[in-house]
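Descriptive analysis of the structure
Chain by chain, the residues run as shown.
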Amino acid sequence: MHTVEIRGVALGDGIPKVIVPLCETDAAALLEQARALGTSEADLIEWRVDALDGAKDAAVVLALLPDVRAALGQKPLLATCRTARDGGTGPVDARYPALVKLLCESGQIDLVDIELSAGNDMVHEMVAAAHANHVTALVSWHDFSTTPPQAEMIDRLRRMQALGADIIKLAVMPRCRADVAALLGATAEIADRHPEIPIISMSMGPLGRISRLAGEAFGSCATFATAGRASAPGQPTLEQARALLKALHTDL
């Protein structure tokens, strides 16, 4: 699999990397947690911008961003404004792509999350804005209610690749064990047959937790873990993820 290196962290190489979300609603609490995560065992930090009070005002986000960046030290920073259509609280109108572009232009972030559900044209524009500002484009798609057929998940992942993503991400909700198997099967097919860029995938909730921890066996290059508020159901703690990933990697 092709690797993407960000501040010395190689996604797509070796043991899956652990991404920890910052989901605090209050600026002071957010910065306190960011400082703690800056010295933690997390590999990357995701700022869930939409969780912040006042996040619908881009000026509020951009004013706080340099302090978040400074608090994290050298940890790679992924900026995510998750919209309501993908399970967050962010706006789905023109404010979404506008904020993504401003984040890319800020000079403060390393990666940006771009939702596939924004549509091909808009995704292409946001990916171009990321690349123009030397920001890694992570294109994602989320379904918090169900798991599509395996072929449909593969098609979505291939579309992300075609739109210029540097990293692709898929998160779905299982209703049965077969759904978890379908997610892992889609991950394996992309990793084996279309390994041009790294993939991050997970089946959410308690039923899908195994996908967050055994992703390396199927081709997923990272997982999300909590050190405070969770950003999605089924996330293990940072300590749990580190221990279990290490154990599974050692046995491979």
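The structure we're discussing is the one just above.
A brief structural summary. Computed from a predicted structure; not experimentally measured.

1. Side note on the sheet that holds strand β6 (residues 111–115)
Across a sheet, strands are paired by hydrogen bonds formed along the backbone, either parallel or antiparallel in direction. One open sheet holds the eight strands; their spatial order is β9-β8-β7-β6-β5-β4-β3-β10, and the pairing between them is parallel. Each end of this open sheet is capped by a strand with a single partner; those strands are β9 (199–203) and β10 (222–224). Within this sheet the neighbouring strands show an average axis-to-axis angle of 25 degrees, counted without direction. By the bridge criterion, four bridges tie strand β4 (residues 44–48) to strand β5 (residues 77–80) in an arrangement that is parallel. Each bridged residue has a counterpart across the sheet, and for W47 the counterpart in β5 is A79. Each of β3 (17–22), β4 and β5 is contacted by helix α2 (residues 58–71), which is oriented at about 160 degrees to β4, the strand it contacts most.

2. What to know about the pattern of salt bridges
Applying the stated criterion across every chain yields a total of twelve salt bridges. Across the pair D110 and R7 runs a salt bridge whose closest N-O atoms are separated by 2.9 Å. Highlighted residues: D110 in the loop between α3 (95–105) and β6 and R7 in the loop between β1 (4–6) and β2 (9–11), separated in sequence by 103 residues. For the salt bridge of R85 with E115, the shortest nitrogen-to-oxygen distance reads 3.5 Å. Of this pair, R85 sits in the loop between β5 and α3 while E115 sits in strand β6; the two residues are 30 residues apart in sequence, bridging distant segments of the chain. Since its relative accessible area comes to 33%, R85 is described here as partly exposed. Within the structure, one salt-bridge network assembled from shared partners comprises R82, R85, D113 and E115.

3. Structural notes on the packing of α3 against helix α4 (residues 120–132)
Interhelical geometry of α3 versus α4 gives an angle of 15 degrees and a closest axis separation of 9 Å. Taken together, the axis directions place α3 and α4 in an arrangement best described as roughly parallel. Every pair of crossing elements has a handedness; the one defined by α3 and α4 is right-handed. Across the interface between the two elements, Y96, P97, V100, K101 and C104 of α3 pack against M122, E125, M126, A129 and A130 of α4.

4. Quick notes on the state of the cysteines
What the rule picks out here adds up to zero disulfides. The structure places no disulfide on C221, whose sulfur is separated from the nearest cysteine sulfur, that of C104, by 19 Å. Overall, the relative accessible area of 5% leaves C221 in the buried class.

5. Quick word on empty space enclosed by the protein
What the rule picks out here adds up to two cavities of 30 Å³ or more. In this structure, the second largest cavity occupies an estimated 40 Å³ of space. Looking at the second largest cavity, the residues that line it are P16, S201, S211, R212, G215, E216, S220, A222, T223 and L245. Those elements that place two or more of their residues in the lining of the second largest cavity are α7 (209–213) and β10. Counted by class, the lining of the second largest cavity contains three nonpolar, five polar and two charged residues.

6. Let's talk about α3
Because an α-helix packs 3.6 residues into every turn, residues spaced three or four apart end up facing the same way. For α3, the full list of buried residues reads Y96, P97, L99, V100, L103 and C104. The buried residues of α3 occupy an angular sector of 160 degrees when projected down its axis, which confines them to one face. Structurally, α3 contributes buried residues whose contacts are with α2, β5, β6 and α4.

7. With respect to the pairing of strand β7 (residues 136–143)
For β7, a buried count of eight out of eight residues is recorded, marking the element as mostly surrounded by other parts of the structure. Burial along β7 is two-sided: the residues T136, L138, S140 and H142 and A137, V139, W141 and D143 are all buried. Bridge analysis of β6 against β7 gives five bridges, and the strand direction is parallel. Paired with V112 across the strands is A137, a residue of β7. Where the polypeptide runs from β6 across α4 and back to β7, its parallel neighbour, the crossover connection is right-handed.

8. A short note on the environment of D113
Here D113 is to be found in strand β6. Sequence separation of D113 and D179 is 66 residues, and the distance between their C-alpha atoms is 25 Å. Beyond its immediate chain neighbours, meaning those up to four positions away, D113 contacts L78, A79, T80, R82, Y96, V100, L138 and S140. A distance of 2.9 Å separates a polar atom in the side chain of D113 from a polar atom in the side chain of S140.

Rules of the game
- Residues numbered from 1 in each chain as written.
- Predicted model: local features only at pLDDT ≥ 70, side-chain atom pairs only at ≥ 80, totals over all residues.
- Heavy atoms only, no water.
- Pairing = 2+ DSSP bridges.
- Helix = DSSP H or I, 4+ residues; strand = E, 2+ residues; numbered from the N terminus.
- Axes fitted to C-alpha atoms, helices over the stretch in contact; angles between N-to-C directions.
- Contact = heavy atoms within 4.5 Å.
- Salt bridge = Lys/Arg side-chain N within 4 Å of Asp/Glu carboxyl O.
- Buried < 20%, exposed > 50% of the residue type's maximum accessible area, 1.4 Å probe, protein only.
- Parallel < 35°, antiparallel > 145°, perpendicular 65-115°, else oblique.
- Left-handed = near helix turned anticlockwise from the far one by under 90°.
- Disulfide = S-S within 2.5 Å.
- 1 Å grid on protein atoms, 1.4 Å probe; cavity = no way out; pocket = protein on both sides within 12 Å on 5 of 7 lines; lining within 4 Å.
- Points joined across faces, edges and corners; volume = space filled by probe spheres on them.
- Nonpolar A, V, L, I, M, F, W, Y, C, P; charged D, E, K, R; others polar.
- Arc of directions from axis to C-beta.
- Right-handed = clockwise from strand over helix to strand, strands pointing away.
- Polar contact = N/O pair within 3.5 Å; in protein donor to acceptor, adjacent residues only side chain to side chain.

Limitation: the analysis is restricted to geometry and does not speak to function.
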